[in-house]
There are 2 protein chains.
Amino acid sequence: MSFEPDVLQGFVQRYLDTVVSGSADEVAALYAEDATLEDPVGGGEVHIGRKAIAGFYNNISGAEVKTELLTFRAGGHEAAFLFAITVGGAMRIEPIEIMTFNADGLITSMKAYWGPQNLTQL
Amino acid sequence: MSFEPDVLQGFVQRYLDTVVSGSADEVAALYAEDATLEDPVGGGEVHIGRKAIAGFYNNISGAEVKTELLTFRAGGHEAAFLFAITVGGAMRIEPIEIMTFNADGLITSMKAYWGPQNLTQL
């Protein structure tokens, strides 16, 4: 299974837009039912399934969030990208994320690589 | 298992330096015996084991290669990074790579995300 790079970039942009303007449930709806989410990688917690994933995004709902795609790479049914997320005008984080997608374009796994050294207080 | 970010960045820098100045066998020696390598992701071929991995790097040995680490992210025992590789002064590619490491600091998996759209003829 494989997608054209611009299709994968569209999936990622839709995700980043939904993180900004959608509810936690709307972001979780972009994931497959049995998807996994690890953010940050190495943080010791992997969220499994759409309900747990909605819980994760619920943590940032309510804050004013902005996102910006900085660098995008595609491969097969996977995407790798660097982006910026600004939360509440108070902090900016620039993670590298890896996402895999199923044939329906739903996210089957997400891993976010970042640490305190990639967080800027604004 | 987890490494400090600067330790992981050291592993990655050593890898990028060895790609420049080492032989294919020397690069392969940075990988665990049963490591996997997929470059580019989605290209349909996964190299398994140090011997197959040496064969992969043998393809670029002989050319003058330069590498530059552009963006680095760490998580647990994994690294995600954007870098540039220039081959023979003729082309420049900027992949995002994901590497995982074992307790000995050897690479257990490498995945490189890039496509023709990330290659510049010089």
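Calculation criteria
- Residues numbered from 1 in each chain as written.
- Chains lettered and ligands numbered in written order.
- Predicted model: local features only at pLDDT ≥ 70, side-chain atom pairs only at ≥ 80, totals over all residues.
- Heavy atoms only, no water.
- Helix = DSSP H or I, 4+ residues; strand = E, 2+ residues; numbered from the N terminus.
- Buried < 20%, exposed > 50% of the residue type's maximum accessible area, 1.4 Å probe, protein only.
- Contact = heavy atoms within 4.5 Å.
- Pairing = 2+ DSSP bridges.
- Arc of directions from axis to C-beta.
- Core = buried A, V, L, I, M, F, W, Y, C linked by side-chain atoms within 4.5 Å.

- Under the annotation held in an unreviewed UniProt entry, chain A carries the name Nuclear transport factor 2 [Nocardioides sp. JS614] and is attributed to Mycolicibacterium parafortuitum.

### Re the side chain of His47(A)
Residue and element names in this part refer to chain A.
Here comes step 1: Here His 47 lies in strand S2 (residues 47-48).
Here comes step 2: You can call His 47 buried: its relative accessible area is 13%.
Here comes step 3: When sequence neighbours within four positions are dropped, the list of residues in contact with His 47 reads Ala 35, Thr 36, Leu 37, Ala 52, Ile 53 and Phe 56.

### Some remarks on the pairing of strand S7 (residues 107-113) of chain A
Residues and elements named next belong to chain A.
Here comes step 1: The buried fraction of S7 amounts to 5 of the 7 residues, a majority that puts the element mostly inside the structure.
Here comes step 2: Relative to S7, strand S6 (residues 96-101) runs antiparallel, the two being bridged by 6 bridges. When the bridges of S7 are listed, Met 99 appears paired with Met 110.
Here comes step 3: Joining the antiparallel neighbours S6 and S7 is a turn of 5 residues, in which Gly 105 adopts a positive phi near 80°.

### Observations regarding helix H3 (residues 50-58) of chain A
Here comes step 1: Within the sequence span of H3(A), burial applies to Ile53(A), Ala54(A), Phe56(A) and Tyr57(A). Buried residues of H3(A), seen end-on, are gathered within an arc of 155° and therefore sit on one face of the element.

### Here we look at the nonpolar core
Here comes step 1: Of all hydrophobic cores here, the largest spans 35 residues; its most connected members are Tyr15(A), Tyr31(A) and Tyr57(A).
Here comes step 2: Of all the secondary structure elements, the ones that give two or more residues to this core are helix H1 (5-21), helix H2 (24-28), strand S1 (31-38), H3, strand S3 (65-75), strand S4 (78-87), S6 and S7 of chain A.
Here comes step 3: For this core, the element with the most residues is H1(A), which contributes 6 residues.
Here comes step 4: The residues contacting Tyr31(A), other than those within four sequence positions of it, are Tyr15(A), Thr36(A), Leu37(A), Arg50(A), Ile53(A), Tyr57(A), Met99(A), Leu106(A), Ile107(A) and Met110(A).
Here comes step 5: Among the nonpolar cores identified, the runner-up in size contains 34 residues, and Phe72(B), Ala74(B), Met99(B) and Ala112(B) belong to it.

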